[in-house]
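Each chain, letter by letter, is given below.
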Amino acid sequence: MNQENIREQFDLIAKQYDEGRRCFIPCFDDYYVRSLSLLKQIVPQAKRIADLGAGTGLLTKEMYLLYPDASFTLIDLSGDMLEVARQRFAGMEGFCFEVADYSQNLPNDCDIICSALSIHHLEEEQKEALYKAIYEALPEGGVFVNLDQFCADSPQIDKGWNDWWMDYIDHSDITPEAKAKWLERKKLDRENSVTTSIGLLKKAGFNQVECVYQFMKFATLIAVK
């Protein structure tokens, strides 16, 4: 996948990104809030957290609410998206923003590495290399958590998921302009199934991997080193 293409697509919608999230994510609160609550049982305290493909900082915000004493590194290809994140956390200490390709620029001193709705843009070999790099970057007991968009293993069920999702979006408050931009961004999708993703994470070295939440295409995977 052309990383420059991804950056350009998300720069176009940075300021409107947060406003439309509920139009695209039918399970928004369960996904961004409740699915993460398990983390405190696995990692009671975290000093350093990195958010890959952090965008406007939606996931970082929820991680901060769980770990208010941690420091955060937000990495994204889109400077415009990160500028929205800078505004979100303005005046707060412990936030670092890096405009970079996270597949080439992983911090190696984090207790938790997280990502939301980003890795599904990568090609298969890029995902495999990234998962290996994440495993190597984490300390023993470190955690990788990925909230992402997945296809079904069954083509028929996957079509059902996509049709249901499109119907949900069409009946939301989405504007025609926002839908057109989403359809353009959707061309960047390179989805795996949850089953395939768990297999890739185990291949990377994680021997404790679970899907802790799923609603159709939206799922949260947690992997412990």
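Heads up: these notes are all about the structure in this document. These figures come from a predicted structure and were not determined experimentally.

### Quick notes on the pattern of salt bridges
A side chain with one charge may pair with a side chain of the opposite charge, provided their charged atoms come close.
Then step 1. Taken as a whole, this structure holds 13 salt bridges when the rule is applied.
Then step 2. A salt bridge links D29 to R22, with the nearest nitrogen and oxygen atoms 3.2 Å apart.
Then step 3. Classification of D29 by relative accessible area gives partly exposed; the value is 33%.
Then step 4. K159 is paired through a salt bridge with D163; the nearest N and O atoms lie 2.7 Å apart. Taken together, the residues span about one helical turn, with K159 and D163 both in helix 8 (residues 155–170) at a distance of four residues.
Then step 5. D163 sits in the partly exposed class, given a relative accessible area of 41%.

### Looking at the environment of D111
Then step 1. With respect to the helices, strands and loops of the structure, D111 is situated in the loop between strand 3 (95–99) and strand 4 (112–116).
Then step 2. Linking D111 and K47, residues 64 residues apart in sequence, is a C-alpha distance of 6.5 Å.
Then step 3. Excluding residues within four positions of it along the chain, D111 makes contact with A46, K47, R48, L138, G142 and V143.
Then step 4. At 2.6 Å, the side chain of D111 and the backbone nitrogen of K47 are in polar contact.

### Structural notes on the nonpolar core
Then step 1. By size, the foremost hydrophobic cluster in this structure holds 41 residues, and its most contacted members are Y32, M63 and Y67.
Then step 2. No other element matches the four residues that helix 5 (residues 58–66) contributes to this core.
Then step 3. Core analysis: the next-biggest nonpolar cluster, separate from the first, contains 27 residues, A50, C110, L201 and A223 among them.

### A short note on the sheet that holds strand 6 (residues 208–215)
Then step 1. In spatial order, the strands read 3-2-1-4-5-7-6; together these seven strands make up an open sheet with mixed pairing. For this open sheet the edge positions go to strand 3 and strand 6, each flanked by a neighbour on one side alone. With direction set aside, neighbouring strand axes in the sheet form an average angle of 15 degrees.
Then step 2. Bridging between strand 1 (residues 48–52) and strand 4 involves four bridges; their strand directions are parallel. If you follow A50 over to strand 4, its bridge partner there is I113.
Then step 3. Running at roughly 150 degrees to strand 5 (residues 143–149), helix 7 (residues 124–137) makes contact with strand 1, strand 4 and strand 5 of the sheet.

### Quick look at the environment of D69
Then step 1. The residue D69 is located in the loop between helix 5 and strand 2 (71–76) in this model.
Then step 2. Taking the C-alpha atoms as reference points, D69 and G94, 25 residues apart in sequence, are found 8.4 Å from one another.

### Some points on the packing of aromatic side chains
Then step 1. Applying the stated rule across the entire model yields 15 aromatic pairs.
Then step 2. Measuring from centroid to centroid gives 6.4 Å for Y31 and Y213, while their planes differ by 45 degrees, and the two rings are tilted. Of the two residues, Y31 sits in helix 3 (residues 28–32) while Y213 sits in strand 6, which places them 182 residues apart along the sequence.
Then step 3. Residue class for Y31 comes out buried when judged on its relative accessible area of 0%.
Then step 4. The class of Y213 is buried, set by a relative accessible area of 16%.

Rules used in this analysis
Residues numbered from 1 in each chain as written. Predicted model: local features only at pLDDT ≥ 70, side-chain atom pairs only at ≥ 80, totals over all residues. Heavy atoms only, no water. Salt bridge = Lys/Arg side-chain N within 4 Å of Asp/Glu carboxyl O. Buried < 20%, exposed > 50% of the residue type's maximum accessible area, 1.4 Å probe, protein only. Helix = DSSP H or I, 4+ residues; strand = E, 2+ residues; numbered from the N terminus. Contact = heavy atoms within 4.5 Å. Polar contact = N/O pair within 3.5 Å; in protein donor to acceptor, adjacent residues only side chain to side chain. Core = buried A, V, L, I, M, F, W, Y, C linked by side-chain atoms within 4.5 Å. Pairing = 2+ DSSP bridges. Axes fitted to C-alpha atoms, helices over the stretch in contact; angles between N-to-C directions. Phe/Tyr/Trp six-rings, centres within 6.5 Å; stacked < 30°, edge-to-face > 60°.

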